[in-house]
Amino acid sequence: MRHRIAVIGGGPGGLTFARVLHRHGRHVTIFERDAGPDARPPGGTLDLHEGLGQFALDRAGLLPEFRAISRPEGQAMRILDTDGTVLRDWHPADDERANPEIDRGQLRDLLLGDLDVHWGRPVTRVTPTGQGGARVHVADGSAEVFDLVVGADGAWSRTRTAVSPVTPQYTGVTNVETSLDDVDTRHPELARLIGDGSLAAYGINRGLVAQRNSGGHVKVYAHFRAPLDESPGGSEEIRSSMLVLFDGWSDRLLDLLRHGGTFTHRPLYVLPVEHTWAHVPGVTLLGDAAHLMPPLGAGANLAMMDGAELAESIVGTADLDDAVRAFEERMWARAARWAGITAAGLDRLVNPDPAAAVALFDEVQPS
Ligand SMILES: Cc1cc2nc3c(=O)[nH]c(=O)nc-3n(C[C@H](O)[C@H](O)[C@H](O)COP(=O)(O)OP(=O)(O)OC[C@H]3O[C@@H](n4cnc5c(N)ncnc54)[C@H](O)[C@@H]3O)c2cc1C
């Protein structure tokens, strides 16, 4: 029997789920809030791990295409002291493919392929029918019943309330984001400083990270401990407050902020490390909707792994509910492990002792 399946959200998790089912000849209805694939900037580069994001792409049959467009050189990592002294400078070996980088837009296009997405259809809520299925309510007032609804709608999931009362909580750390375009031509000194991959510097309870994307685009992230600020002001006010916060740091590092374009203020929220729920027939969650954690290089990988696993669990058994239950058990265990790792990582990266951040990199970088 072919089940009627919907996924809410066309991010890395939802699209991987749909793509793997599609590979097995199964149709999924994808509801996406955005009006189209280019409705908003896709965000920064992602490193896809061999055993997670790359594994999921393999299950989707997309690993060769990923290898052709990803950037293994983007695994390079340089750490500076706040005065600009180079403390660490790692370069990947020529054949190193553990965590190559890919632009989010490229990943989205790769996963999208010829999938049929219902763009511009924000879901307002999902309600279990009580008979094994669930109803999807869309902002235009329409509603549709499916045998399974998968909430892959990110941090502020509208699907989550169907299974869990838990909401994301502020970590005490805020991320401010800006970017530089055409860095090799317009800011060659910064381009040399950043190198092929990422640059990071850590001070007391704060850090500055610059990550190269393709096409000379660089994303800059400033993160710091602070009470939740719900009215940080406009882009120029945020830039000024960052220049005050990082006052005294090397001019080369401050240039990342001085030359940045638009500044965006993003407090970091997380779900509890062990977020589980009593199984609800007809609805489940994956990715950030299920296990939002600090942005330390795991979230998209886990969302994709979830998507691939749930899809394969569904094609591997005739009993849809059994497939979802088995998936949830595996996902919860994996997510709790990574949520613990990333929570501890955030504490060390945004720490009163900047040496704690450098020591963390020493532990995870290949020697
Ligand atoms: C600064 C930063 C850097 C990061 N770097 C990395 C990294 O290097 N590696 C890594 O693995 N992870 C990284 N992450 C984490 C990663 O971005 C997320 O974990 C990942 O995007 C989660 O994927 P998802 O598919 O679960 O949700 P999302 O990517 O949030 O996608 C959710 C989708 O659902 C749609 N949607 C939302 N609400 C609705 C609705 N009501 N109706 C319909 N559609 C809806 C959204 O428009 C979106 O398309 C980073 C995060 C940040 C903030």
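Further up the page is the structure itself.
Only a predicted model underlies this, so the values are computations on that prediction, with no experimental measurement involved. (Residues numbered from 1 in each chain as written. Predicted model: local features only at pLDDT ≥ 70, side-chain atom pairs only at ≥ 80, totals over all residues. Heavy atoms only, no water.)

Peer 1: Before we go on, may I ask you to explain the packing of aromatic side chains in this structure?
Peer 2: Any two aromatic rings considered together are summarised by their centre-to-centre distance and by the angle between their planes. Evaluated as defined, the whole model comprises six aromatic pairs. Between Trp 156 and Tyr 269 the ring centres are 5.0 Å apart and the planes differ by 75°, which places this aromatic pair in the edge-to-face class. Here Trp 156 is found in the loop between β11 (148–151) and β12 (169–180), whereas its partner Tyr 269 is found in strand β16 (residues 264–270), with 113 residues between them in sequence. A relative accessible area of 22% places Tyr 269 in the partly exposed class. Seen in terms of ring centroids, Tyr 202 and Phe 361 are 6.1 Å apart; in terms of plane orientation they differ by 35°. Their pairing is tilted. Of this pair, Tyr 202 sits in strand β13 (residues 198–203) while Phe 361 sits in helix α12 (residues 355–364), and the two are 159 residues apart along the sequence. The pair formed by Tyr 202 and Phe 361 is uniform in burial state, with each residue classed as buried. (Phe/Tyr/Trp six-rings, centres within 6.5 Å; stacked < 30°, edge-to-face > 60°. Helix = DSSP H or I, 4+ residues; strand = E, 2+ residues; numbered from the N terminus. Buried < 20%, exposed > 50% of the residue type's maximum accessible area, 1.4 Å probe, protein only.)

Peer 1: Just checking my understanding: could you explain the site of the ligand for this structure?
Peer 2: As a matter of local geometry, the ligand sits amid 32 residues, with Gly 13, Glu 32, Arg 104, Asp 288 and Ala 300 nearest to it. At 2.8 Å from an oxygen atom of the ligand is found a side-chain nitrogen or oxygen belonging to Arg 104. Asn 301 is positioned such that a nitrogen or oxygen atom in its side chain is 2.9 Å from an oxygen atom of the ligand. Considered on its own, the ligand offers 1,000 Å² of accessible surface; in the complex 85% of this is hidden by protein. Taken together, the elements giving at least two residues each to the shell around the ligand come down to α1 (12–23), β3 (45–47) and α10 (299–315). The greatest single-element share of the shell around the ligand, amounting to four residues, is contributed by α10. Looking at the shell around the ligand residue by residue, the classes come out as 12 nonpolar, 11 polar and nine charged. (Near = heavy atom within 4 Å. Polar contact = N/O pair within 3.5 Å; in protein donor to acceptor, adjacent residues only side chain to side chain. Areas by Shrake-Rupley, 256 points an atom, 1.4 Å probe, with all protein chains shown as cover. Nonpolar A, V, L, I, M, F, W, Y, C, P; charged D, E, K, R; others polar.)

Peer 1: Can you help me understand the side chain of Glu 32 in this one?
Peer 2: Mapping Glu 32 onto the fold places it in the loop between β2 (29–31) and β3. Although Glu 32 is buried, it forms no salt bridge, and the closest oppositely charged side chain is Arg 33 at an N-O distance of 4.9 Å. In this structure Glu 32 touches Gly 9, Gly 10, Gly 11, Val 117, His 118, Trp 119, Gly 120, Arg 121 and Pro 122, once residues within four positions along its chain are discounted. (Lys, Arg positive; Asp, Glu negative; His and termini not counted. Salt bridge = Lys/Arg side-chain N within 4 Å of Asp/Glu carboxyl O. Contact = heavy atoms within 4.5 Å.)

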